[in-house]
Amino acid sequence: MTTDTRALTRGDCSRKWGRTMKLATLLFYGIALGLVAVGLREVLTGFEEDRCSMTYMFQYPEYRRVPLPHRVARRYPAYGLYLYGEGAYAQETRELQLFGAPVIFLHGNSGSYKQVRSLGSVALRKAESAPGGLHFNVFTVDFNEELVALYGGSLRRQTLFLHESIKAILKLYKHLKTPAQSVVLVGHSMGGLVARALFTLPNFNASLVHLIITQATPHLAPVLVLDHYLRDFYLSLRKKWVRRADELRNVTVLSIGGGHRDYQVRSGLISIPCSPGDATKLSLVATAVPRTWVSTDHLSIVWCKELVLTTVRAFFDLIDPETRQFTDNQAKRSAVLHHHFVRHSARMLGDTQEASFPIQDAPEAWSEVNSLRLAYRTPKEVEVKYFTFALSSRRKADSHFYCRSNNLDMTSWVYGCVRQNGSSCVHTVDLSNGTELLPLYKVLMLSLSDLSSFTHVVVSAPNVSGKQFTLECEWQRQQSLALSLPVPHVLSLGLTVSEVTVNSSGLFHTIELQHFHEVYQAFRIHIASECKARKVGRSPSVFRMKVPWFFEDVFTTASVPSAVEISGMLHTNRPDNVSSVVLQLHTSPNCQYKVSVRLSLPKILGQILRFFLPMVPVYTTVTLLLACGGQLSNIYKTQRAASMSLVLSKGLQPHKVNVSVYILHVLFSCSWLKSTWSLLCLPMMDVAPPIFPDVALDDDATPCAEWPYLVHPLLYVIGAAVAFWGSALLRLGVRLVSLILAVLHRSSISRDCGTLRLRTQLLISIFLTILGWNTCGAVPIMAAFAFHLYRVLRLQMAERSLRHILNLAPQKHKKYSITEARECNNAPLLSECALWEVKDDLQLHLCLSALLTIPVMLSAPSLVHWSRNLGYSTQLDPDPYWPYFVPLCVVYLRLINCNTQKLTNSKLLHPTSFLPLPVSVAMVIFCPMHLYRVTYFLLGALVPLALCCVL
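Calculation notes
- Residues numbered from 1 in each chain as written.
- Predicted model: local features only at pLDDT ≥ 70, side-chain atom pairs only at ≥ 80, totals over all residues.
- Heavy atoms only, no water.
- Helix = DSSP H or I, 4+ residues; strand = E, 2+ residues; numbered from the N terminus.
- Buried < 20%, exposed > 50% of the residue type's maximum accessible area, 1.4 Å probe, protein only.
- Contact = heavy atoms within 4.5 Å.
- Areas by Shrake-Rupley, 256 points an atom, 1.4 Å probe, with all protein chains shown as cover.
- Lys, Arg positive; Asp, Glu negative; His and termini not counted.
- Charge placed at Lys NZ, Arg CZ, Asp CG, Glu CD.
- Pairing = 2+ DSSP bridges.
- Axes fitted to C-alpha atoms, helices over the stretch in contact; angles between N-to-C directions.
- Patch = residues over 30% accessible without salt bridge, like charges linked within 9 Å, V, L, I, M, F, W, Y side chains within 5 Å.
- Salt bridge = Lys/Arg side-chain N within 4 Å of Asp/Glu carboxyl O.
- Parallel < 35°, antiparallel > 145°, perpendicular 65-115°, else oblique.
- Left-handed = near helix turned anticlockwise from the far one by under 90°.
- Disulfide = S-S within 2.5 Å.
- Nonpolar A, V, L, I, M, F, W, Y, C, P; charged D, E, K, R; others polar.

Colleague: Would you mind going over the overall build of the protein in detail, with residue names and values included?
Modeller: Within the protein, the regular secondary structure consists of 25 helices and 29 strands. Projected onto its principal axes, the C-alpha positions of the protein cover 120 × 75 × 55 Å. When the 951 residues of the protein are sorted by exposure, 56% land in the buried category. Of the contacts made within the protein by residues no fewer than 6 positions apart, 81% connect residues no fewer than 24 positions apart. Carbon together with sulfur atoms contributes 58% to the accessible area of the protein, which is approximately 41,200 Å² in total. The positive charge centre, built from 92 side chains, and the negative charge centre, built from 65, are 9 Å apart in the protein.

What follows is the structure, encoded as structure tokens:
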């Protein structure tokens, strides 16, 4: 075989190998993209249907602007304060002569002050039936729909304006005999943080606000941290509310999360960081709220009728009848909120225990129950009925007394009775305080050990209104009705199923789902019921997935027989040695219930994205940065630039990045390294989001690392897939735009097309610096990126023109081999070598352009915020990208003139090619929860690269 034949054979093998690797890369990233799609589908649609009822206005809503002092209006021209009204009430309050109790609604990120209409309208309708004309004056603050979740520079300004608004509102009540001394704040999303931030102001009087109710507010940590102003804002809140908690004991805060339907703010973040045992701070999910029991998305939590009604009912119970204003009694506030939002019992805490029991009723109204279970259905006609259960005969055999009724009238209905010598009750005590309201039933579970002072239990079942209801009671031995079921391991991949069968001889059963206490676990819980004898009017079943460490319970109702499926997912991790999740079954008697638990891989992917999606941009940046490093290394070794898809596939290096992070994480467990690190004033590792309830993570705290280490390589793969397909879209966009630009611009076949002279770069840099100083730092960053993108478009046009010319006359020009590419300096202008040079420069700048897109995207929120406020100010204050935009713009402009030949001749190329890996490791350590730091690290990698183009 000749030398040329062997060379051709090697070339064919190389091309086949290249095609095979390209197909393998496409297949790998296609599968990764499929995993992302499955996870996103689960996050966006993998939950129950929207069961919230819409709130409607019966009259046209009006928003009357409340005048503020001239100095306030001049200082905050973009903000406003309004009073909500409808119909006659709006006309009565035209002159702002107010007599109600003040409530202020605060909208959230990019929200509208008009979102108050649901709360305001329901409060007005409920006030029509309130005694003595009791009502509320609902105010709303207009924050100009600012993007405060993405740009934290306005949060302090919003807090100061809210303070001025509260003082202006309270002045409207000075004419009353007992004027309002405080207001209630209702904050949606970031509005809840602004409400809490009031107490960080040095001149704020804490007595002005005693109650704050927040809806879908990320108290524990921000969803995204795109600037240091947002981080500083959270740190100031944490310093005040955790480290100085004693000063805020008289402030009651209720935080409500939307559940799994809210994919913008996961409900684990709504937990209020506070000191342990602080009963004045309450966090819960809407699915666990009595009379609500629904999951809401981020916007519907504002107008969900079930939740709004619960809130307004609590408001009316919080009014002091003497002052007709909100009570300043902290114990009463906590009792009312616990009653309406946690456990809707027959009586609120603090009510009298003595029962006004009608023991003189006719003897035929009383019935002694001697059986194990009572099942009673009231007749259609009016009837008064009392059932007595003797305790003496059941104390040894049973441990609990269980009773339920589908009569949802939450009044006293179960009493402890003391009989002497077979007489009627000589002493009764109301035991209904432990009643719990569930969907379809009110339920009471009494421990017999707590009833030692009574001889009987009396259950009242009066059918006064003639409305039929059922009553079911039974004696229970809890040990025999409590089962345990180990859930499948997360590595079972859904191939195994855990099952248990409950032969329901009773009305209530519990199943402990052992080892179910981590947020990365996700299951499909299937419950099927069968009954041997068909019976008309069987009581429906209520299933409750109870989480012992957080109020995130989920309720499901089902008829009998039936089959239902419950999504077993958590919002928070178990913080300590609390028991695992418990499945409570309120069953129909004499039926069989089969419970099976199977792992759900799509839901696990959904949980990973729900908790870790903010970390994906970091791994995307790491992939692009390592791809750029691979490109530099390839240029150093071969003086040629590889294709972008090839270097992106080599940018996936979890074995180098994640292993280094794990080693550093182990080292950081050493106390001496922590202390040394703190002395250097360096931030601690930042590798995982907070996943525990009621835990305040200080800035110097060790981050949570309880998630499996397999999650981080998976996130790396997802980030690499985003980088791969994002760069593919970038290449496609460049090709399409270059076709359009070719019609308007004369094509050039030089590798220097689109470059800028040094003097021009200097003038543009000065202009962009002045522009950024007087407007917004994101503006010059966008402009500098546009200049670089123009360079890429010109290279794409030059590559297309050269390729077409050479295809028309290939015989006139010599084809250069790869080994001859190093000696192309003297090659003709129209040659294969010239085409290679342009292709190399195009691949280099495509790789750089994808990397330079990251700071542009991170600075976009501040640009949007600036553009929305152009009518009030031409300068963004404060600007998170000042003065960082100056080196960014200089680097962007210097890289425009960069090409493979300059890099090859640079002495700094070899050490610069090793720099992306340590920078990538540093990004994974310090940037997952602080995305704004990505720009700093990119500057550390791009500045040496820009110097390579000069030196």
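Colleague: An account of the sheet that holds strand β7 (residues 252-257) is requested, with residue identities and associated values reported.
Modeller: Taken together, eight strands build an open sheet; the order of strands is β1-β2-β4-β3-β5-β6-β7-β8 and the sheet is mixed. Strands with a single pairing partner mark the edges of an open sheet, and in this sheet they are β1 (61-65) and β8 (281-285). Neighbouring strand axes in the sheet, compared pairwise and without regard to direction, differ in orientation by 25 degrees on average. Sheet topology note: the strand β3 (residues 101-106)/strand β4 (residues 136-142) ladder contains six bridges and is parallel. Paired with Leu106 across the bridge in β4 is Val141.

Colleague: Quick one: what's the story with a nonpolar patch on the surface, residue by residue and with numbers?
Modeller: On the surface, Leu729, Leu732, Leu736, Leu739 and Ile740 cluster together into a nonpolar patch covering about 510 Å² of accessible area. The topology assignment puts Leu739 in helix α17 (residues 711-744).

Colleague: Which residues make up the packing of helix α15 (residues 654-667) against helix α24 (residues 916-926), and what values go with them?
Modeller: Interaxial distance between α15 and α24 falls to 9 Å at its minimum, and their mutual angle equals 55 degrees. The pairing of α15 with α24 is recorded here as oblique in orientation. Our pair here, α15 against α24, has a crossing hand that is right-handed. Across the interface between the two elements, Lys656, Val657, Ser660, Val661 and Leu664 of α15 pack against Leu917, Ser920, Val921, Val924 and Ile925 of α24.

Colleague: Tell me about the environment of Leu507, and name the residues and values.
Modeller: Inspection of the secondary structure assignment puts Leu507 in the loop between β22 (497-504) and β23 (508-514). Each C-alpha atom, one on Leu507 and one on Glu472, is 8.2 Å from the other, the two residues being 35 residues apart in sequence. When sequence neighbours within four positions are dropped, the list of residues in contact with Leu507 reads Arg373, Tyr402, Arg404, Glu472, Cys473, Glu474, Gln476, Leu585, His586, Thr587 and Pro589.

Colleague: Can you lay out the state of the cysteines for me, pointing to particular residues and giving the numbers?
Modeller: Under the defined criterion, the tally for this structure stands at five disulfides. There is a disulfide in this structure between Cys403 and Cys473, and the S-S distance comes to 1.8 Å. Note that Cys403 is positioned in strand β14 (residues 400-405) and Cys473 in strand β20 (residues 470-476), a separation of 70 residues in sequence. When sorted by exposure, Cys403 lands in the same class as Cys473, which is buried. Across the disulfide, Cys531 is cross-linked to Cys591 (sulfur-sulfur distance 1.9 Å). Given an S-S torsion of about 95 degrees, the disulfide between Cys531 and Cys591 has right-handed geometry. Remark: Cys591 occurs in strand β29 (residues 591-599) and Cys531 occurs in strand β24 (residues 522-531); sequence separation between them is 60 residues.

Colleague: Before we move on, could you go through the sheet that holds strand β13 (residues 386-390) and cite the residues and values that matter?
Modeller: The five strands are arranged β11-β13-β19-β15-β16 in an open sheet whose pairing can be described as mixed. Unpaired on one side and paired on the other, β11 (366-369) and β16 (427-430) mark the two borders of the sheet. If you compare each strand with its neighbour and ignore which way they point, the axes differ by 30 degrees on average. The sheet contact formed by β11 and β13 spans four bridges and is parallel. Across the sheet, Val369 pairs through a bridge with Phe389, a residue of β13.

Colleague: So, the packing of α15 against α17: which residues are in play, and what are the values?
Modeller: Where α15 meets α17, the closest approach of the two axes is 10 Å, and the angle between their N-to-C directions is 140 degrees. Taken as axis vectors, α15 and α17 run oblique relative to one another. The chirality of how α15 crosses α17 is right-handed. Contacts between α15 and α17 pair Pro654, Val657, Asn658 and Tyr662 from the former with His712, Pro713 and Tyr716 from the latter. In the contact of α15 with α17, the residues fall into five nonpolar, two polar and no charged.

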